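# Structural features, examined
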Amino acid sequence: MHVEFSRGADFQLPLRYTQALITQISQTAVCNRLHSVEQRLCRWLLMTRDRTHSDELEMTQEFISHMLGVRREGVTHAAQNLQEQGLISYVRGHIKILDRPQLETNVCECYQVVRAEQSRLFG
């Protein structure tokens, strides 16, 4: 069976994508249960930055609150904390990541778990 699977290169990419998605979904569920809104915001900003390849992100606090599963006020407070630390700039739906290394220091381990699995699956 292993030989047959290795021949099916066209089938492996969707399987890898599915594995990466399952990892991200399950890690997000754990993260939402165990970590602070600020850590989750850091994770979400870094993941979004990794996908867009841009330090400038356009999104409202309302949108972020839906993505994190928290009230908008929680996002406001977490974003203010990150802004006061000089990690991000946030003005009317425009977020700019100012200090990625420090943002990575503040994020929970969930970001690295997902990132490591994607790296393992896609190189």
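Shown above is the structure to which this text applies.
Since this is a predicted model, take the numbers as computed values, not measurements. (Residues numbered from 1 in each chain as written. Predicted model: local features only at pLDDT ≥ 70, side-chain atom pairs only at ≥ 80, totals over all residues. Heavy atoms only, no water.)

Pairing in this open sheet of 3 strands is antiparallel, and the strands run β1-β3-β2 from one edge to the other. Each of the sheet's edge strands pairs with one partner strand only, and the pair in question is β1 (56-58) and β2 (88-91). Recorded for the sheet is a direction-independent mean angle of 15° between the axes of neighbouring strands. With 4 bridges joining them, β2 and strand β3 (residues 94-97) adopt antiparallel strand pairing. By the bridge assignment for β3, Ile-88 is matched with Ile-97. (Pairing = 2+ DSSP bridges. Helix = DSSP H or I, 4+ residues; strand = E, 2+ residues; numbered from the N terminus. Axes fitted to C-alpha atoms, helices over the stretch in contact; angles between N-to-C directions.)

Charged atoms that come close allow side chains of opposite charge to pair. Scanning the model with the defined rule gives 7 salt bridges in all. Between Arg-100 and Glu-104 there is a salt bridge; the shortest N-O distance is 2.7 Å. Here Arg-100 and its partner Glu-104 are both found in helix α6 (residues 100-106), 4 residues apart, which amounts to about one turn of the helix. Residue class for Arg-100 comes out buried when judged on its relative accessible area of 19%. What you see here is one network of salt bridges that share partners, running through Asp-50, Arg-100, Glu-104 and Arg-115. (Salt bridge = Lys/Arg side-chain N within 4 Å of Asp/Glu carboxyl O. Buried < 20%, exposed > 50% of the residue type's maximum accessible area, 1.4 Å probe, protein only.)

This paragraph deals with a nonpolar patch on the surface. Taken together, the side chains of Leu-13, Tyr-17, Leu-21, Ile-25 and Phe-122 define a hydrophobic patch exposed on the protein surface, amounting to about 510 Å² of accessible area. With 4 residues, the single largest contributor to the nonpolar patch is helix α2 (residues 9-34). Residue position: Leu-13 is located in helix α2. (Patch = residues over 30% accessible without salt bridge, like charges linked within 9 Å, V, L, I, M, F, W, Y side chains within 5 Å. Areas by Shrake-Rupley, 256 points an atom, 1.4 Å probe, with all protein chains shown as cover.)

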